[in-house]
Amino acid sequence: MKKRSLLLIVYIALSMLPIYWMVNMSFKSNAEILSSFTVLPLHFTWANYQTILTDSSWYSGYINSLIYVTINTVISVTAALPAAYAFSRYTFLGDKHLFFWLLTNRMTPPAVFLLPFFQLYSTIGLMDTHLAVALAHLVFNVPLAVWILEGFMSGIAREIDETAYIDGYSFPRFFTTIFLPLIKAGVGVAAFFCFMFSWVELLLARTLTSVNAKPIVATMTRTVSAAGMDWATLAAAGVLTVIPGAIVIWFVRQHIARGFAMGRV
Amino acid sequence: MNKPVNQKAWLLVLPVLICVAFSSILPLMTVVNYSVQDIISPERRVFVGTEWFASVMRDRELHAALARQIVFSLSVLAVEIPLGIALALSMPASGWRASAALVAVALPLLIPWNVVGTIWQIFCRTDIGLLGSAIKALGLEYSYTGDATQAWLTVLLMDVWHWTPLVALLAYAGLRAIPDAYYQAARIDGASRLAVFRYIQLPKIRGVLMIAVLLRFMDSFMIYTEPFVLTGGGPGNATTFLSQYLTQKAVGQFDLGPAAAFSLIYFLIIMLLCFILYNWMQRLGTPGRADK
């Protein structure tokens, strides 16, 4: 037992090192980063965070990201719920092909869709809106949500559905009042993964936005390419992008722990 | 128990179809459209048939990028899957320690991809980075921007750091779904830890492992952002993977036709590989599946 937890502790310690280093740098000034090498900041400073939280070109990036990630997560999970139910409960013409086709969208490199998205959204006037990024991210999030939810739904006995229908429940009423509470954990996990993949994606988010909906990840690349690396601000911005993820994962930790793909195991 | 046939289920799938059609079928058709035309200006376009496909297929750089990509993806799987399983096995089953371990292990997953690149940049630079300075202090030559092998290994290490948590999470969830009765039975039989793993845990987590392998394979096959930020595809072409190469072509040089033809070939390669993998694992998983 001891040996096994040792592996875990060593792994976590090692995997925290890069993050720790970024946090460490975010409390230093640029001059200190470049001149001296210390494991803790010598002159502890909040200045980098102040820069980000007071400069609207920085903090609006966070707001933009959160907006499109939320829109995307809501649409993905809402659309995926009935579809996952259909896949887990019924056989219908072309269901297996359809399921695989959905998965292929998850497999498609976003780079493939880059140009068409650009043209499509320019044509219909969605460029540089939160909706554009949210819609673009549906490509990989909807299939994933369907996949995860289908796994959870298949873990629920079909007798429950049948009993409910015999008792005179209509499909929408059964689905919302009985079925949904049963797969709450699945919805949580699906939402978590949609949030995650939309939050971390850069290529599409950067290409489809310029000013109004510019996500934080794109704001950061701008700083990377600017002359004279502003390492300290970059590190602080990086730390702030990790925080929403850490919060979200804290909320779903129980659900993930309770069994990811119950029906598939 | 077989699922009942119900064609009305299509209605339930409809919302997904509409979403995905808008964001996948339409763009894909545009790509097909580009791939057979030479677009000189928005008004002037010439139908060129399969010319772009032919030229892309003969592209030596593409062959090299594909080879690098395959080696990279296989290395990723070879490291991350065993490591992920080992981690999952060593995580506590319940209590606050389980929660803390889960959050700590999963944290790298929630970091935006370009921030991952940035983190590793400031971690590996020999002047300001912890790892870079540490290796230099040991007296070794290290430069992820200068040496091809080291750049490649750094990208691999970054990917392992970034994505092993996903495998661990999935495997962990699979392990938690195993009823205690199995372990009790194994204890009565006096099974060794290895036997428990081989005959109980491994078969039981096969389903989620399948998801993990598929996800890791697909995602590593389209890796773009992290190496883009860390190495920019260099030195030379050492870490230029398929997506990098495609983006260079499409956005950098704006070669719409060849880029589109390349996109389609790329798409087909991925689909083919995943189809094989998916079917192979489905077959592998079928006899042991509890619901069959």
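Owing to the predicted nature of the structure, the values given are computational and were not obtained by experimental measurement.

Before going further, it helps to examine the overall build of chain A. A count of helices and strands for chain A gives 13 helices and 0 strands. Going residue by residue from the N terminus, the α and β elements of chain A occur as α-α-α-α-α-α-α-α-α-α-α-α-α. Principal-axis analysis of the C-alpha atoms places the extent of chain A at approximately 75 × 60 × 30 Å. Here chain A holds 265 residues, and 50% of them are scored as buried.

Moving on, we come to helix 6 (residues 130-137) of chain B. Regarding helix 6 of chain B, the residues found buried are L130, L131 and G132 of chain B. G139 of chain B occupies a position one or two residues after helix 6 of chain B and carries a positive phi of about 90°.

On to the nonpolar core, then. Counting residues in each nonpolar core, the largest one holds 164 residues, and the members touching the most others are A80, A83, A145, V146, L149 and A190 of chain A together with A171 of chain B. If one sorts the elements of this core by residue count, helix 7 (residues 130-154) of chain A sits on top with 17 residues. If sequence neighbours within four positions are ignored, L149 of chain A has contacts with A80, L81, A84, I183, G186 and A190 of chain A.

What follows deals with the environment of T240 of chain B. Residues and elements named next belong to chain B. Tracing the sequence through the fold places T240 in the loop between helix 11 (225-230) and helix 12 (242-252). We classify T240 as buried; it has 21 C-beta atoms within 10 Å. The spatial distance from the C-alpha of T240 to the C-alpha of F228 is 8.4 Å, given a sequence separation of 12 residues.

At the interface, 83 residues of chain A touch 81 residues of chain B. Along the lines of polarity and charge, the residues of the side of chain A that touches chain B split into 63 nonpolar, 14 polar and 6 charged.

Further remarks concern unusual backbone geometry. All names here are of chain A. Within the chain, D128 stands out as a residue other than glycine whose phi angle is a positive 60°. Inspection of the secondary structure puts D128 in the loop between helix 6 (110-123) and helix 7. With 16 C-beta atoms counted inside 10 Å, the residue D128 sits in the partly exposed group.

All names here are of chain B. Residues at a pLDDT of 70 or more form 93% of chain B, whose mean pLDDT is 81. Looking across chain B, the model is least confident in strand 2 (residues 45-47), with a mean pLDDT of 76, and most confident in helix 3 (residues 60-90), with 89. In this model residues 287-292 is a low-confidence stretch, pLDDT under 50, and it forms 5 contacts with partners more than four residues away in sequence or in other chains. Confidence estimates for the predicted assembly give a pTM of 0.82 and an ipTM of 0.78.

Definitions and limits used
- Residues numbered from 1 in each chain as written.
- Chains lettered and ligands numbered in written order.
- Predicted model: local features only at pLDDT ≥ 70, side-chain atom pairs only at ≥ 80, totals over all residues.
- Helix = DSSP H or I, 4+ residues; strand = E, 2+ residues; numbered from the N terminus.
- Buried ≥ 20, exposed ≤ 12 C-beta atoms within 10 Å, placed from the backbone.
- Core = buried A, V, L, I, M, F, W, Y, C linked by C-beta atoms within 7 Å.
- Contact = placed C-beta atoms within 7 Å.
- Nonpolar A, V, L, I, M, F, W, Y, C, P; charged D, E, K, R; others polar.
- pLDDT = per-residue confidence, 0-100.

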